[in-house]
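One-letter residues, chain by chain:
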Amino acid sequence: NKKVILKNYVNGFPKESDMEIVRTETVRLKVAEGSKAVLLKNLYLSCDPYIRNSMSKHEEANYVPDFVPGSPISGFGVGKVLDSGHPDFKVGDYVWGMTGWEEYSLVTSPETLLKIKDTDIPLSYYTGLLGMPGVTAYAGFYKVCSPKKGETVFVSAASGAVGQLVGQFAKLMGCYVVGSAGSDEKVNLLKKKFGFDEAFNYKKEKDLNAALKRCFPEGIDIYFENVGGAMLDAVLLNMRNHGRIAACGMISQYNLDKPEGVHNLMFVVTKRLRIEGFLAFDYFPIYDQFFQKTVPYIKEGKITYVEDVVEGLENAPAALIGLFSGRNVGKQVVVVARE
Ligand code: NDP
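Conventions we followed
- Residues numbered from 1 in each chain as written.
- Predicted model: local features only at pLDDT ≥ 70, side-chain atom pairs only at ≥ 80, totals over all residues.
- Helix = DSSP H or I, 4+ residues; strand = E, 2+ residues; numbered from the N terminus.
- Contact = placed C-beta atoms within 7 Å.
- Near = placed C-beta within 6 Å.
- Nonpolar A, V, L, I, M, F, W, Y, C, P; charged D, E, K, R; others polar.
- Domains from an automatic or database assignment.
- Core = buried A, V, L, I, M, F, W, Y, C linked by C-beta atoms within 7 Å.
- Buried ≥ 20, exposed ≤ 12 C-beta atoms within 10 Å, placed from the backbone.
- UniProt positions renumbered as here; feature names shortened; annotations may be inferred.
- Pairing = 2+ DSSP bridges.
- Axes fitted to C-alpha atoms, helices over the stretch in contact; angles between N-to-C directions.
- pLDDT = per-residue confidence, 0-100.

**Student:** Explain the environment of Phe154 here, please?
**Tutor:** With respect to the helices, strands and loops of the structure, Phe154 is situated in strand S8 (residues 152-155). Sequence spacing of Phe154 and Phe196 is 42 residues, and the spatial spacing of their C-alpha atoms is 9.9 Å. Phe154 has contacts with Val178, Phe216, Ile220, Tyr223 and Val235, leaving out every residue within four places of it along the chain.

Here is the structure:
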């Protein structure tokens, strides 16, 4: 069983050498008698920015558990059931949920798995569009932002797993949508593939405030926050009164020893803004609602999804680290096996 393990807790930017590929004896391809565990063959693994958080040791309570050095990285993935002691899962079922960065995983808490009912859709989509990032985009946009037709929406990290979907949901609602991303290739995708009204490469803009003023002469009603830092400060200057900010993530801060300060918070008061943080995990109970709404959009071609697919477990560490330099174009997926 090939695995990706965390070697040591990480400080600052994670490196490939913080992880290691190891091989252990082949797993016993059976669940023990009386156990409710599920044995999975892992097919697709999801690289998600939050994984970075588990790679450090936290003194204070953390919203996700710290990894244990020497153990496989864990995260969301798609797998095939090889054996099961749980009544909800049968041999041959496809599932998505929490699994390990390894070829085979014995999942001892199968309540973290969901059976895949629609296998006409590419299975890898259950790491992104129809998985945790999809729920994030759905809950963050429809539930947290309280959007209305005709409003102006700004999405940062807009070409990523979550952002590309938020932009498309906002367009379907009849909003004016602008995205930022870190390369011209990504900006092109936003406009040509995902139908954003405008997009800019934040790495090329000398003045983020000016870029936002150019795209939003009347200001921003909704900001879907994925990056934090200087972008958040510039956005606060450009929000309209009673605007809403869905604080989904702040990836620019994850590898800093000391997070940057936010200078323009006073505008939250004067513009009567609502900033609301949220976690996808809280919205898993409405997964069916999200699924019922999104699958027809996919089947009718109203929503499209771009993945960045890397082959082989041995390439997973580089793929994960690439999230923090913007190497990924679209949802970062690692293929462990296709069948
Ligand atoms: P992405 O697929 O968007 O990958 C991360 C992207 O972030 C990179 O491609 C890069 O794009 C951008 N990025 C990296 N470093 C920086 C930086 N210093 N400044 C600005 N942008 C940067 O990831 P996801 O869509 O999965 O996640 C997007 C955000 O949503 C993250 O903040 C993540 O933590 C958050 N999230 C929150 C969840 C929740 O439950 N609240 C659940 C899932 C995700 P670029 O080239 O454009 O810079």
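**Student:** Would you take a moment to explain the site of the ligand for this structure?
**Tutor:** Around the ligand, the structure places 31 residues, and the nearest of them are Gly160, Gly182, Gly249, Ser252 and Gly326. Mapped onto the shell around the ligand, the elements with two or more residues apiece are helix H2 (132-144) and strand S15 (331-335). Across the shell around the ligand, the residue classes break down as 16 nonpolar, 12 polar and three charged. Counting the residues that make up the shell around the ligand, at least three belong to each of domain 1 (2-128 + 306-335) and domain 2 (132-281).

**Student:** Help me understand unusual backbone geometry in this model?
**Tutor:** Note: most peptide bonds trans; most residues except glycine with negative phi. In the Ramachandran plot, Ala157 falls in the positive-phi region, its phi being about 45° despite a non-glycine side chain. In this fold, Ala157 is placed in the loop between S8 and helix H3 (163-172). Positive phi outside glycine occurs at His242, with the angle close to 65°. Looking at the secondary structure, you find His242 in strand S12 (residues 239-247).

**Student:** I tried to follow the nonpolar core on my own but got confused; where do I start?
**Tutor:** Note on soluble globular proteins: their nonpolar side chains tend to be buried together. In terms of nonpolar packing, the biggest core is built from 97 residues, with Val166, Phe224, Val235 and Val334 touching the most fellow members. The element that contributes the greatest number of residues to this core is H2, accounting for seven residues. Excluding residues that lie within four positions of it along the chain, Val235 makes contacts with Phe154, Leu212, Ile220 and Tyr223.

**Student:** Looking at this structure, how should I read the UniProt feature "domain: Enoyl reductase (ER)" (unreviewed entry) in the protein?
**Tutor:** Within this structure's numbering, the places UniProt gives as "domain: Enoyl reductase (ER)" (unreviewed entry) are residues 38-334. The annotated region residues 38-334 carries 27% helix and 26% strand content, and the separation between its end C-alpha atoms amounts to 21 Å.

**Student:** Just to check I follow, could you spell out the sheet that holds S8 for this structure?
**Tutor:** Strand-to-strand pairing in sheets goes through backbone hydrogen bonds, with the strands running parallel or antiparallel. An order of S10-S9-S8-S11-S12-S13 is seen for the six strands of this open sheet, with the pairing classed as parallel. Of all strands in the sheet, those with a lone pairing partner are strand S10 (198-201) and strand S13 (274-277), marking the two edges. Strand after strand, the sheet turns through a mean of 15° between neighbouring axes, direction not considered. Helix H6 (residues 229-238) contacts S8, strand S9 (176-181), strand S11 (220-225) and S12 of the sheet and is inclined by roughly 165° relative to S11.

**Student:** It is not clear to me how the confidence of the model for the protein should be interpreted in this structure. Could you clarify?
**Tutor:** Do not read the fine detail of predicted coordinates wherever pLDDT is low. Summing up the model confidence of the protein, the mean pLDDT is 96 and the portion of residues at 70 or higher is 100%. Scored by ipTM, the complex comes to 0.99, with pTM at 0.97.

**Student:** Looking at this structure, I do not really get the domain arrangement of the protein. What am I missing?
**Tutor:** One widely used convention gives an interface's size as the accessible area the parts lose upon coming together. Structurally, the protein comprises domain 1 (2-128 + 306-335) and domain 2 (132-281). On a C-alpha basis, the centroid separation for the pair domain 1 and domain 2 is 28 Å. In this assembly, 15 residues from domain 1 lie in contact with 18 residues from domain 2. Class assignment for the residues of the side of domain 1 that touches domain 2 results in seven nonpolar, five polar and three charged.

**Student:** Honestly, the environment of Ile275 in this entry has me stumped. Any pointers?
**Tutor:** Mapped onto the fold, Ile275 is located in strand S13. The spatial distance from the C-alpha of Ile275 to the C-alpha of Glu311 is 39 Å, given a sequence separation of 36 residues. Among residues more than four places away in sequence, those in contact with Ile275 are Ile245, Ala247 and Val268.

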